[in-house]
Protein chains: 2
Amino acid sequence: MNQHSTLKKPKTMTEPRTARGKRTRDKILQAAASEFGSKGFHETGITDITKTAGVALGTFYTYYKSKEIVFRALVSHMGELTREWISTRIAGAPDRLSAERMGIAAFIEFAREHKDLYRIVMEAQFVANDSYVEYYSIFAESYTRNLADAAKKGEIRSGHDEERAWALIGMSVFLGLKYGVWDDTRDPSEIADAVSDLLENGLGIK
Amino acid sequence: MNQHSTLKKPKTMTEPRTARGKRTRDKILQAAASEFGSKGFHETGITDITKTAGVALGTFYTYYKSKEIVFRALVSHMGELTREWISTRIAGAPDRLSAERMGIAAFIEFAREHKDLYRIVMEAQFVANDSYVEYYSIFAESYTRNLADAAKKGEIRSGHDEERAWALIGMSVFLGLKYGVWDDTRDPSEIADAVSDLLENGLGIK
DNA sequence: TTTAAAGTTGAATGTTGATTCATGTTTCAT
DNA sequence: ATGAAACATGAATCAACATTCAACTTTAAA
């Protein structure tokens, strides 16, 4: 049974087919971002989302098969947002070391401006781990490539690109957490300066 | 009402008063660590814990007022474990840079040997954020102090101790996640070597 | 040995919240 | 203008648990 999809089933939950539909789905996604971001996945009820979106409870299920699925949609949506945020902000960097400094500042600013989104990504580790792994793996791959390229250009010493990429990502994530989310009294570029000195010269004397 | 504590109330939930009691509370804590560690906070039921511990459901509440409270107990218990693990492993370091290398390796090994515990700490961010903040803040404080001391001894360039501490912690945490939890095919000391070169000399040429 | 305190038990309670669905409304291609 | 497909609605369903509690057993101090 259900061999061929000529049946009226709930269909494969495709795109909205109407302007109104798109608008509604969007309101729901926005609301979900806001609710998940402020209260977290488990504290957020579907009714919280629909109330914020201004639609009825059942409408949620017209667009998303489950609570977890909106969450996943959000995470990948935010992967794009983050990448865009960072890349536009380091676009003008003259070399890799400047790019690192700008990247760190951008990360902290992102965390600060989007505390909610930042939280969603982190919580993905426990709600949709594969999305989380993907999120950072994509980052790490492109980071690794950038380091390799910079080494080829002679801007940095070469080697250990992947390990360095993960180390640098971890750095940024934690700096974003500490100086973006937990404590936003500091100037992000100050932090970036402090840390980029470490990246340029290491901890060693001279 | 309940002005003075001469009443028989459930008392203030103090220590077990009996050898048997201590044993039981311990079995419960162990079981909780194992269950929370493998399934996470929300997927774990109190019955999972008591089943694993080999006690009746109600017994749980003799020792812990709520699910969240065992979780918190676990997090702070593990703060101690982690600190001990790291500090015994960097104890013999001749200087700060070696200590950093050993610390990174130790962190990765810790993550690998205690994947469960590692997960609990991270999940604390969403279950008991204040415990999480405390966990890393304690780390950061002692790290900051160590860096300052090392600078005083002339082992590293001085300055930006706090920012550096958070950056280094983030590094370790992510390396632990990547090369400890997600991918344990690599040799931790190899990773540590790769990254400690970065710490010693930075990315810069020369 | 006695017995009050400590510990153990698991059925019962009560709430919460995700998901379903039958019915009503709106859209838009014709 | 019209009707079939899309969309919207929210009351009802249903299962999952956290927590409580009254009855029972074990411990250990005197």
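What counts, and at which threshold
- Residues numbered from 1 in each chain as written.
- Chains lettered and ligands numbered in written order.
- Predicted model: local features only at pLDDT ≥ 70, side-chain atom pairs only at ≥ 80, totals over all residues.
- Heavy atoms only, no water.
- Helix = DSSP H or I, 4+ residues; strand = E, 2+ residues; numbered from the N terminus.
- Expected span 1.5 Å × (residues − 1).
- Buried < 20%, exposed > 50% of the residue type's maximum accessible area, 1.4 Å probe, protein only.
- Polar contact = N/O pair within 3.5 Å; in protein donor to acceptor, adjacent residues only side chain to side chain.
- Contact = heavy atoms within 4.5 Å.
- Buried area = accessible area lost by both parts, 1.4 Å probe.
- Salt bridge = Lys/Arg side-chain N within 4 Å of Asp/Glu carboxyl O.
- Near = heavy atom within 4 Å.
- Nonpolar A, V, L, I, M, F, W, Y, C, P; charged D, E, K, R; others polar.
- Axes fitted to C-alpha atoms, helices over the stretch in contact; angles between N-to-C directions.
- Parallel < 35°, antiparallel > 145°, perpendicular 65-115°, else oblique.
- Left-handed = near helix turned anticlockwise from the far one by under 90°.
- pLDDT = per-residue confidence, 0-100.
- Phe/Tyr/Trp six-rings, centres within 6.5 Å; stacked < 30°, edge-to-face > 60°.
- Lys NZ or Arg CZ within 6 Å of the ring centre and 35° of its normal.
- Domains from an automatic or database assignment.

Asker: For this particular structure, what's the right way to read helix α5 (residues 96–113) of chain A?
Answerer: Because an α-helix completes one turn every 3.6 residues, residues spaced three or four positions apart along the sequence face the same direction. Residue and element names in this part refer to chain A. Compared with an ideal rise of 1.5 Å per residue, which puts 18 residues at 26 Å, α5 spans 25 Å between its outermost C-alpha atoms and is within 8% of the ideal. Extensive coverage of α5 is indicated by the burial of 14 of its 18 residues. N-capping of α5 is provided by Asp95, with a side-chain oxygen placed 3.2 Å from the backbone N of Leu97.

Asker: Help me out: how do you make sense of the side chain of B:Ser196 in this one?
Answerer: All names here are of chain B. Its location among the elements puts Ser196 in helix α9 (residues 188–201). The class for Ser196 is buried, based on a relative accessible area of 10%. At 3.3 Å, the side chain of Ser196 forms a polar contact with the backbone oxygen of Asp193.

Asker: Got a minute to help me understand the interface of chain B and chain A in this structure?
Answerer: By a frequent convention, interface size equals the accessible area lost on bringing the separate parts together. Taken residue by residue, the interface counts 47 residues in chain B and 46 residues in chain A. Taking both partners together, chain B and chain A bury about 4,500 Å²; carbon and sulfur atoms supply 67% of that area. Looking only at chain B, the three residues that lose the most surface to chain A are B:Arg157, B:Phe174 and B:Leu203, adding up to 19% of its buried area. Between the two partners, chain B and chain A, sit 8 salt bridges. In this structure, the connection of chain B to chain A is made through 16 residue pairs in polar contact (both at pLDDT 80 or more).

Asker: Help me understand the protein's contact with DNA strand C, please; the structure alone is not making it clear to me.
Answerer: Close to DNA strand C lie 23 residues, the nearest being B:Arg17, B:Thr24, B:Ala56, B:Gly58 and B:Tyr63. Backbone atoms, meaning sugar plus phosphate, form 78% of the atoms of DNA strand C positioned within 4 Å of the protein. The backbone of B:Arg17 places a nitrogen or oxygen atom 2.6 Å from a phosphate oxygen of DNA strand C. One of the backbone nitrogen or oxygen atoms of B:Thr18 is found 3.3 Å away from a phosphate oxygen of DNA strand C. Broken down by secondary-structure element, the contributors of at least two residues to the surface near DNA strand C are α1 (19–39) and α3 (57–63) of chain A together with α1 (19–39) and α3 (57–63) of chain B. For the surface near DNA strand C, the element with the most residues is α3(B), which contributes 5 residues. Its residues assigned to classes, the surface near DNA strand C shows 9 nonpolar, 10 polar and 4 charged.

Asker: Looking at this model, I keep getting lost on the packing of helix α6 (residues 115–127) of chain B against helix α8 (residues 161–182) of chain B. Mind explaining?
Answerer: Two quantities define a packed helix pair, namely the angle between the helix axes and the distance between the axes. Residues and elements named next belong to chain B. Two numbers describe how α6 lies on α8: the axes approach to 12 Å, and their chain directions differ by 140°. What the angle tells us is that α6 and α8 run oblique. When you trace α6 past α8, the crossing you get is left-handed. Of α8, the residues touching α6 (which contributes Lys115, Tyr118 and Met122) are Ser172, Val173, Gly176, Leu177, Gly180 and Val181. Of the residues that constitute the contact of α6 with α8, the class distribution is 5 nonpolar, 3 polar and 1 charged.

Asker: Looking at this structure, I do not really get the protein's contact with DNA strand D. What am I missing?
Answerer: Taken together, 21 residues are adjacent to DNA strand D, and A:Arg17, A:Thr24, A:Ala56, A:Tyr63 and B:Lys67 come closest. Near the protein, within 4 Å, the atoms of DNA strand D are sugar or phosphate in 78% of cases. Separating a phosphate oxygen of DNA strand D from a side-chain N or O atom of A:Thr24 is a distance of 2.5 Å. In this structure, a base nitrogen belonging to DNA strand D sits 3.0 Å away from a main-chain N or O atom of A:Gly58. At the level of elements, α1 and α3 of chain A together with α1 and α3 of chain B are the ones that each hand at least two residues to the surface near DNA strand D.

Asker: What exactly am I supposed to notice about the environment of A:Ser66 here?
Answerer: With respect to the element layout, A:Ser66 can be found in the loop between α3 and α4 (67–90). Take A:Ser66: its relative accessible area is 24%, and that puts it in the partly exposed class.

Asker: Please explain the confidence of the model for chain A as it appears in this structure.
Answerer: Do not read the fine detail of predicted coordinates wherever pLDDT is low. When the pLDDT values of chain A are averaged, the result is 91; 93% of them are 70 or greater. In the predicted structure, residues 1–11 of chain A sits below a pLDDT of 50 and forms 3 contacts with residues beyond four places in sequence or in another chain.

Asker: Looking at this model, I keep getting lost on the packing of aromatic side chains. Mind explaining?
Answerer: The geometry of an aromatic ring pair comes down to the distance between the two centres and the angle between the two planes. Taken as a whole, this structure holds 29 aromatic pairs over all chains when the rule is applied. Clustering of aromatic rings is evident, with ring pairs tying together A:Phe107, A:Tyr118, A:Tyr132, A:Tyr135, A:Tyr136, A:Phe139, A:Trp166, B:Phe174 and B:Trp182. Seen from the ring of A:Phe41, A:Lys67 lies directly overhead, with NZ or CZ sitting 4.6 Å from the centre. For A:Arg89, the ring lying beneath its charged end belongs to A:Trp85, and the centroid distance is 3.6 Å.

Asker: Can you walk me through the domain arrangement of chain A in this structure?
Answerer: Residue and element names in this part refer to chain A. Domain annotation of chain A identifies domain 1 (15–64) and domain 2 (72–201). Each side of the interface is counted separately: domain 1 has 12 residues, and domain 2 has 7 residues. Interface of domain 1 and domain 2: buried area, both sides summed, is about 780 Å²; carbon and sulfur atoms make up 70% of it. For domain 1, the biggest contributors to the area lost against domain 2 are Leu29, Gly37 and Phe41; these three give 47% of the whole. Linking domain 1 with domain 2 are 0 salt bridges. Counting every contact that joins domain 1 to domain 2 gives 1 residue pair in polar contact (both at pLDDT 80 or more). Tallied by class, residues from the side of domain 1 that touches domain 2 come to 6 nonpolar, 5 polar and 1 charged.

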